[in-house]
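Observations on the three-dimensional arrangement
For reference, the chains in residue letters:
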Amino acid sequence: MTINTIMVIGAGQMGSGIAQVCAMAGYNVFLHDLQEEFVQKGIQSIEKLLARAVDKGRMTEEDRDDTLRQLHPSTSIQNAAEADLIIEAVVENMDVKTGIFKMLDDIAPKHAILASNTSSLPITEIAAVTNRPEKVIGMHFMNPVPVMKLVEIIRGLQTSDSVYEVIEAVTTKLNKVPVEVNDFPGFISNRILMPMINEAIFALYEGVAEPEAIDEIMKLGMNHPMGPLTLADFIGLDTCLYIMETLQEGFGDDKYRPCPLLRKYVKAGWLGKKTGKGFYTYS
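Quick caveat: nothing in here was measured; it's all calculated off a predicted structure.

**A short note on the nonpolar core**
Formed by 38 residues in total, the largest nonpolar core has its most connected members in Tyr27 and Leu85. For this core, the element with the highest residue contribution is helix H2 (residues 36–55), accounting for six residues. The contacts of Leu85, once residues within four sequence positions are left out, are Ile3, Thr5, Ile6, Met7, Ile113, Ala115, Ile167 and Val170. Counting residues in each nonpolar core, the second largest holds 23 residues, with Met7, Phe101, Leu114 and Phe187 among its members.

As structure tokens, then:
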């Protein structure tokens, strides 16, 4: 199967990043969201990143212009009828995602592959709402998408070998490294990362050390580029909480119990960098 046109659902930070790398790889790309202002914000973010790449000599002006020509703003879900591959990158909520996949299943061509950028939700459950579960797969990109090389490719229970092979080839064409993972809560990245972040929050909650000390120990002692509390702020504390709840529910194991301090911060609206306050304060 040949992939020519890709539709990305969700023009936020992840969706716009995915659309950018797809367009840079030469694919025809629809960047879709509910409102024109959301789509334009995503396009503007891409334009800014491409301009920076040109300024730093990492991209020619011609390549930038070619990339932008491949991008098409969309506010009509009917554009899915033209896509060979659709990558959903909306909020990490099962009801929202399954609602989108039901619509896409009705609109997209029979040959089209439906992929989710979910960071923790089961692909098998998402696939079950469609009439093409063998063509549903997970493509978990890392943030920021244009920079990070990894894409976790998650097979659902019914994902076909041929669909996996197509997605592996697409990922490689995007200049990313595909890594195959089976469908378990949190996959590999967040199954390992989030409990570490949660444990760092417990250390703070129990008064073992201040945030700066916890982060410094992990940076200098474990050679992590960013401390776990800073990373949590960048990910979003609401997202961290949601993934920990998904892990706890999926495995039924209390070792994934979210720290009470994490719950308290989320209830206070302290969600990290995006709200200006989390474990640190951002201007």
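**Quick word on the packing of helix H9 (residues 228–235) against helix H10 (residues 237–251)**
Interaxial distance between H9 and H10 falls to 6 Å at its minimum, and their mutual angle equals 100°. By the criterion of interaxial angle, the relationship of H9 to H10 is roughly perpendicular. Counted together, Ala232, Asp233 and Ile235 of H9 and Leu237, Thr239 and Cys240 of H10 form the full contact between these two elements. For the contact of H9 with H10, a count of residues per class yields four nonpolar, one polar and one charged.

**A few points about the sheet that holds strand E6 (residues 136–141)**
As summarised here, the arrangement of the eight strands in space is E3-E2-E1-E4-E5-E6-E7-E8, forming an open sheet in which the pairing is mixed. Every interior strand has two partners, whereas the edge strands, strand E3 (71–74) and strand E8 (177–182), have only one. Strand-to-strand twist in this sheet, taken as the mean axis angle between neighbours without regard to direction, amounts to 25°. With four bridges connecting them, strand E2 (residues 28–32) and E3 associate as parallel partners. Considered in E3, the bridge of Val29 is made with Leu71. Strands strand E1 (5–9), E2, E3, strand E4 (85–88) and E6 of the sheet are contacted by helix H1 (residues 13–24), whose axis makes an angle of about 170° with E2. Together, E2 and E3 form the strand contacts of helix H3 (residues 61–70), whose direction differs from that of E3 by roughly 35°.

**Quick look at the domain arrangement of the protein chain**
Split by domain assignment, the protein chain resolves into domain 1 (5–182) and domain 2 (190–274). A separation of 27 Å is found between the C-alpha centroids of domain 1 and domain 2. Every contact between the two is made by seven residues of domain 1 and, on the other side, four residues of domain 2. Taking both partners together, domain 1 and domain 2 bury about 450 Å²; carbon and sulfur atoms supply 52% of that area.

**Let's talk about the pairing of E1**
Of all five residues that make up E1, five are buried, and the element is covered over most of its length. Here E1 shows no split at all, with Thr5, Met7 and Ile9 on one side and Ile6 and Val8 on the other all buried. In terms of strand pairing, E1 meets E2 through five bridges, oriented parallel. Looking at E2, one finds that Ile6 is bridged to Val29. Handedness of the E1-H1-E2 crossover: right-handed. The sheet contact formed by E1 and E4 spans four bridges and is parallel. Residue Ile6 lies in a different strand from E4, and its bridge partner there is Leu85.

**Remarks on the pairing of E8**
Pairing between strand E7 (residues 150–155) and E8: six bridges, direction parallel. Paired with Glu152 across the bridge in E8 is Val179.

Analysis parameters
- Chains are numbered independently. Their residues run from 1 in the order of the written sequence.
- Predicted model: local features are reported for residues with pLDDT of at least 70 only, side-chain atom pairs are reported and counted for 80 or more only, and whole-chain, interface and lining totals are derived from all residues.
- Only hydrogens and water are set aside; all other atoms, that is, all heavy atoms of the structure, feed into the side-chain values.
- In this text, buried Ala, Val, Leu, Ile, Met, Phe, Trp, Tyr and Cys residues form a nonpolar core when linked through side-chain atoms within 4.5 Å.
- Buried means the residue's accessible area, taken with a 1.4 Å probe over protein chains only, is under 20% of the maximum for its type, while exposed means over 50%, and partly exposed covers the values in between.
- Numbered from the N terminus, helices here are DSSP runs of H or I no shorter than four residues, and strands are runs of E no shorter than two.
- Contact criterion: two residues are considered in contact whenever any of their non-hydrogen atoms come within 4.5 Å of each other.
- Fitting a line to C-alpha atoms yields each axis, with helices limited to the stretch in contact; the angle taken between N-to-C directions then spans 0 to 180 degrees.
- Put simply, angles under 35 degrees are roughly parallel, angles over 145 are roughly antiparallel, angles from 65 to 115 are roughly perpendicular, and the rest are oblique.
- Note on residue classes: Ala, Val, Leu, Ile, Met, Phe, Trp, Tyr, Cys and Pro are nonpolar, Asp, Glu, Lys and Arg are charged, and everything else, Gly too, is polar.
- Two strands make a pair as long as DSSP finds a minimum of two bridges between them.
- Residue ranges assigned to the domains are those given by an automatic or database domain assignment.
- By definition, the buried area sums, over both parts, the 1.4 Å-probe accessible area that each loses when the two are put together.
- Handedness rule for crossovers: strands pointing away from the viewer, path from the first strand over the helix to the second running clockwise, crossover right-handed.

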